[in-house]
Amino acid sequence: MAAMAYQPYGSYSSSSTMRGPDQETPNRRRRPQNTESVLLSDAENQTLFESIGSNAVCLSAGVAELLRASGGRWTRPLRGVIAMVKDYDRRAYFLRMIDILNGNPLWEFNVYSGFESVLYPPQLLTFEGESDSHIYGLNFSSPREAETFKEHLDKRSNQEKKNVSRFAVWIDRY
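**Structural notes on the pairing of strand β5 (residues 117-120)**
Sheet faces and side chains relate simply in a regular strand, where the side chains alternate between the two faces. In this structure, β5 lies alongside strand β6 (residues 124-128), joined through four bridges in antiparallel fashion. Paired with S117 across the bridge in β6 is F127.

**Notes on helix α1 (residues 42-52)**
Residues of α1 that are buried include every one of N45, L48, F49 and I52, and no others. Projected onto a plane normal to the axis of α1, the buried residues spread over an arc of 95° and lie on a single side. In α1, those exposed residues whose orientation departs by more than 90 degrees from the buried face are A43 and E50. Packed against the buried residues of α1 are β1 (56-70), β2 (73-87) and β3 (92-99).

**Points about the packing of aromatic side chains**
Scanning all chains against the criterion turns up ten aromatic pairs. Relative to F149, the ring of F140 has its centre 5.3 Å away and its plane inclined at 50°; by these criteria the two rings are tilted. By relative accessible area, F149 is classed as buried at 0%. Taken together through their ring pairs, the aromatic side chains of W107, F109, Y112, F115, F127 and Y136 make up a single cluster. The positively charged end of R31 is found above the aromatic ring belonging to Y88, 3.6 Å away from the centroid.

**Notes on the confidence of the model for the chain**
For the chain, the average pLDDT comes to 84, and 78% of its residues sit at 70 or higher. Across residues 1-23 the pLDDT falls below 50, and counting only partners more than four positions away or on other chains, this stretch makes six contacts in the model. A low-confidence stretch, residues 167-172 stays under pLDDT 50, and its non-local contacts, those more than four residues away or across chains, total zero contacts.

**Notes on the pattern of salt bridges**
Summed over all chains, the structure comprises eight salt bridges. Two residues, E65 and R76, come together in a salt bridge whose shortest N-O distance is 3.1 Å. With E65 in strand β1 and R76 in strand β2, the pair connects residues that are eleven residues apart, well separated along the chain. By relative accessible area, E65 is classed as buried at 15%.

**Topic: the sheet that holds strand β4 (residues 104-110)**
Taken in spatial order, the seven strands line up as β4-β3-β2-β1-β7-β6-β5 in an open sheet, and their pairing is antiparallel. Sheet topology places β4 and β5 at the edges, where each strand pairs with a single neighbour. When strand polarity is set aside, the average angle formed by the axes of neighbouring strands in this sheet is 35°. Direction of pairing for β6 relative to strand β7 (residues 135-140): antiparallel, over a ladder of five bridges.

Criteria and thresholds
Starting from 1, residues in each chain are numbered consecutively following that chain's sequence as written. The model is predicted, so local features are restricted to residues of pLDDT at least 70 and side-chain atom pairs to those at 80 or more, both for listing and for counting; the totals for chains, interfaces and linings are taken over all residues. With hydrogens and water excluded, all non-hydrogen atoms of the structure serve as input to the side-chain values. When DSSP finds two or more bridges between two strands, those strands count as paired. For helices the rule is a DSSP run of H or I covering at least 4 residues; for strands it is a run of E covering at least 2, with both sets numbered from the N terminus onward. Any residue under 20% of the maximum accessible area for its type is buried, any over 50% is exposed, and the rest in between are partly exposed; the area is computed with a 1.4 Å probe on protein chains only. The reported arc concerns the directions from the helix axis to the C-beta atoms and nothing else. Throughout, a residue-residue contact means that at least one pair of heavy atoms, one from each residue, lies within 4.5 Å. Only Phe, Tyr and Trp rings are paired, with Trp represented by its six-membered ring, and only when their centres lie within 6.5 Å; those with planes under 30 degrees apart are stacked, over 60 edge-to-face, the remainder tilted. Only when the NZ atom of a Lys or the CZ atom of an Arg is both within 6 Å of the ring centre and within 35 degrees of the ring normal do we say a charge sits over the ring. The pLDDT score gives, residue by residue, the confidence of the prediction method on a 0 to 100 scale. Should a side-chain nitrogen of Lys or Arg be within 4 Å of a carboxyl oxygen of Asp or Glu, the pair is scored as a salt bridge. Axis lines are fitted to C-alpha atoms, over the contacting stretch for helices. Their N-to-C directions set the angle, which ranges from 0 to 180 degrees.

The structure is reproduced here in structure tokens:
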């Protein structure tokens, strides 16, 4: 068996397992890119991405009205761009409504554990608030954006369920 030659620190080849801070490691996933709204201009999408912060990613976005059920009727408190945001600083997912004209946040909703939503075709997405038990709706301008938004919410929910079941299996083994 041949002996390995000693290499002083900093002289490892690029095929080595030592990597610099700007290089991707094998076990770490790359952050997803911001996802644009198809109804917004490039400048408006850029305003959206800047408004959600530098350490957050817009996973899905759409032009929508925020609705809230009250007394058996829908009220329409806000209109803007709704974004599903993965916030790395706060280590959580949020729905954020942004006033695209000035980039100000209008509303934020924590996508809590066990969050479920229902899409009523072609473009109404409904869900329940965790702490206030209100029913909310997002009335999208585009059925395509509504479907894509729902797919991202479902993907996150399925990933959460998968992680919980892995944890349960791990607990059962020990």
